[in-house]
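# Geometric and topological summary
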Amino acid sequence: MAKSPETEHPVRAFGWAATDASGILSPFKFSRREVGERDVQFRILYCGVCHSDLHMVKNEWGVSHYPLVPGHELSGVVTEVGSKVEKVKVGDKVGVGVFVNSCRQCDQCTNDLENYCPKQVLTYGAPNYDGTITYGGYSDIMVADEHFVIRWPDDLPLDVGAPLLCAGITTYSPLKYFGLDKPGLNVGVVGLGGLGHLAVKFAKAFGCKVTVISTSISKKKEAIENLGADEFLISSDPQQLQTAVGKLDGIINTVSAPHSIVPLLSLLKPHSKLIMVGLPQKPLEIPVFSLIPGRKTVTASGTGGLKEMQEMMDFAAKNKIWPDVEVIQMDYINTAMERLAKADVKYRFVIDVGNSLKSE
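Note that this is a predicted model, so its numbers are computed, not measured.

## A closer look at the UniProt feature "domain: Enoyl reductase (ER)" (unreviewed entry) in the protein chain
- In this structure's numbering, the residues bearing the UniProt feature "domain: Enoyl reductase (ER)" (unreviewed entry) are residues 23–351.
- The distance separating the terminal C-alpha atoms of residues 23–351 is 17 Å; by composition the span is 22% helix and 26% strand.

Printed below as a string of structure tokens:
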């Protein structure tokens, strides 16, 4: 007979979970494994609210396991370490991002690309190697192998830094991998939300010229004056787009809503790339005639491996690339999810887990 989430492991834990596709979260008792020789246990103090959390609690991708404790932007303080842990010690600040395990043997893992391991284990809602389902950061404690724990930079606040563990690496990684990190390049950023505002900040820190492309004119002032973008275009205005045809060295597309990418492709210089990091639920239409004349490419990118994640966190701390966040209490999470569905947040909710998660 299968054990309940509360008794399958020896360490008691508490959080908030969705129990069905309504997506409503409520208090939930479960358990974590004991600290193994390579494990790190830490008290979760903050957890970012990613748009994928909203998809998952509502099973909009058809892969959700209930009960589901979301959260893959965790930051906190180490409370216990295994006997062979070398990376951190009790009292250190740490973080955990999108995944907590991988095979450690495949070509991806051995090349510091654990995020592309075919046996990667996501931080929540996924079967782990022991057969149990992972639970995320809307909870009081986390236990993870030290390899998948990020050392927290001293100059980075735990609350505002939490979204870097997903939104940050998801934009930093493609900018680096596709060579859009060189001073003087013209980079387009489509969408100005949780991912988009960080794409702007990272690209500017690399010395790039940044053009924000949005559906909303109301975001122009924010993009130019607060985030430092150089240009702003309304994606539904053909005349505005025409002024930028053939001017961009690359585009980071963060939009998850259904949309046409054909007008965006016209903005690229020949031999350049449009990189998808958003996750539209419906397939994109890509007419080949919009690609061939300029030998343009539509590609995509995920998060990043542990080495790159640490590099990104250190870079963000050094350059003061802080996500813009709204810190909330745990019992506000259902309202926050409703607001997130309406894009009513600038630009990332972060749960103050340490001060507001109260066990019954």
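Once the structure has been displayed, the description carries forward.
## Regarding the environment of E326
- For E326, the location among the structural elements is in strand β16 (residues 325–328).
- For E326, a relative accessible area of 26% corresponds to the partly exposed category.
- Along the chain, E326 and G48 lie 278 residues apart, while their C-alpha atoms are 9.6 Å from each other.
- Contacts of E326, omitting those with residues within four sequence positions, involve R339, V345, K346, R348, F349 and V350.
- At 2.9 Å, the side chain of E326 forms a polar contact with the side chain of R339.

## Description of the packing of helix α4 (residues 167–177) against helix α5 (residues 196–205)
- Contact geometry for α4 and α5: axes closest at 9 Å, N-to-C directions at 45 degrees. Accordingly, the angle class assigned to the pair α4 and α5 is oblique. Read as a crossing pair, α4 and α5 show a hand that is right-handed. From α4, A167, G168, T171, Y172 and L175 reach across to α5, where they touch L198, A199, F202 and A203.

## Here we look at the packing of aromatic side chains
- Counted by the stated rule, this structure contains 10 aromatic pairs.
- Seen from their ring centres, F28 and F30 are 5.6 Å apart, and the 10 degrees between their planes marks the pair as stacked.
- Overall, F28 belongs to the buried group, its relative accessible area being 12%.
- Overall, the relative accessible area of 0% leaves F30 in the buried class.
- Consider the rings of F99 and F148, whose centres lie 6.1 Å apart with planes at 80 degrees: the pair is edge-to-face. In this pair, F99 is assigned in strand β6 (residues 99–101) and F148 in the loop between β8 (141–145) and β9 (150–151), connecting sequence segments 49 residues apart.
- Within the aromatic cluster, the residues linked to one another by ring pairs are Y172, F202, F206 and F315.

Cut-offs applied
- Residues numbered from 1 in each chain as written.
- Predicted model: local features only at pLDDT ≥ 70, side-chain atom pairs only at ≥ 80, totals over all residues.
- Heavy atoms only, no water.
- UniProt positions renumbered as here; feature names shortened; annotations may be inferred.
- Helix = DSSP H or I, 4+ residues; strand = E, 2+ residues; numbered from the N terminus.
- Buried < 20%, exposed > 50% of the residue type's maximum accessible area, 1.4 Å probe, protein only.
- Contact = heavy atoms within 4.5 Å.
- Polar contact = N/O pair within 3.5 Å; in protein donor to acceptor, adjacent residues only side chain to side chain.
- Axes fitted to C-alpha atoms, helices over the stretch in contact; angles between N-to-C directions.
- Parallel < 35°, antiparallel > 145°, perpendicular 65-115°, else oblique.
- Left-handed = near helix turned anticlockwise from the far one by under 90°.
- Phe/Tyr/Trp six-rings, centres within 6.5 Å; stacked < 30°, edge-to-face > 60°.

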